[in-house]
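Coordinate inspection notes
One letter stands for each residue in the lines below.
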Amino acid sequence: MMRTFIYRCPATGYNVQGEHDSGALPVPAYVLQDCLACRSFHLVDPRTGRLMADEVPRPKPPEF
Ligand SMILES: [Zn+2]
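Residues numbered from 1 in each chain as written. Predicted model: local features only at pLDDT ≥ 70, side-chain atom pairs only at ≥ 80, totals over all residues.

Description of the pairing of strand β4 (residues 41-44)
- Side chains H42 and V44 of β4 all project onto a buried face; the interleaved residues F41 and L43 project onto a face where none is buried.
- Inspection of the sheet shows strand β3 (residues 31-34) paired to β4 by four bridges, in the antiparallel sense. Paired with Q33 across the strands is H42, a residue of β4.
- Counted between consecutive antiparallel strands, the loop separating β3 from β4 contains six residues, among which R39 sits at a positive phi close to 60°. (Buried ≥ 20, exposed ≤ 12 C-beta atoms within 10 Å, placed from the backbone. Helix = DSSP H or I, 4+ residues; strand = E, 2+ residues; numbered from the N terminus. Pairing = 2+ DSSP bridges.)

Things to note about unusual backbone geometry
- For R39, which is not glycine, the phi dihedral falls at a positive 60°.
- Looking at the secondary structure, you find R39 in the loop between β3 and β4.
- Judged by the 9 C-beta atoms lying within 10 Å of it, R39 falls in the exposed class.

Here it is in structure tokens:
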């Protein structure tokens, strides 16, 4: 089924509408979006509109 969602482009900060058609298959955890704002690609969760990069907290480097 066709699913549309809004995600925030990390390069420009714009909200962008994405869409994904999974057909008869289950909706994948992340879909690759050809971003209209920055003309790059992002991995977005079609259920929440969150980017994969948002959900992987970068470990803080130790400070010595
Ligand atoms: Zn973008």
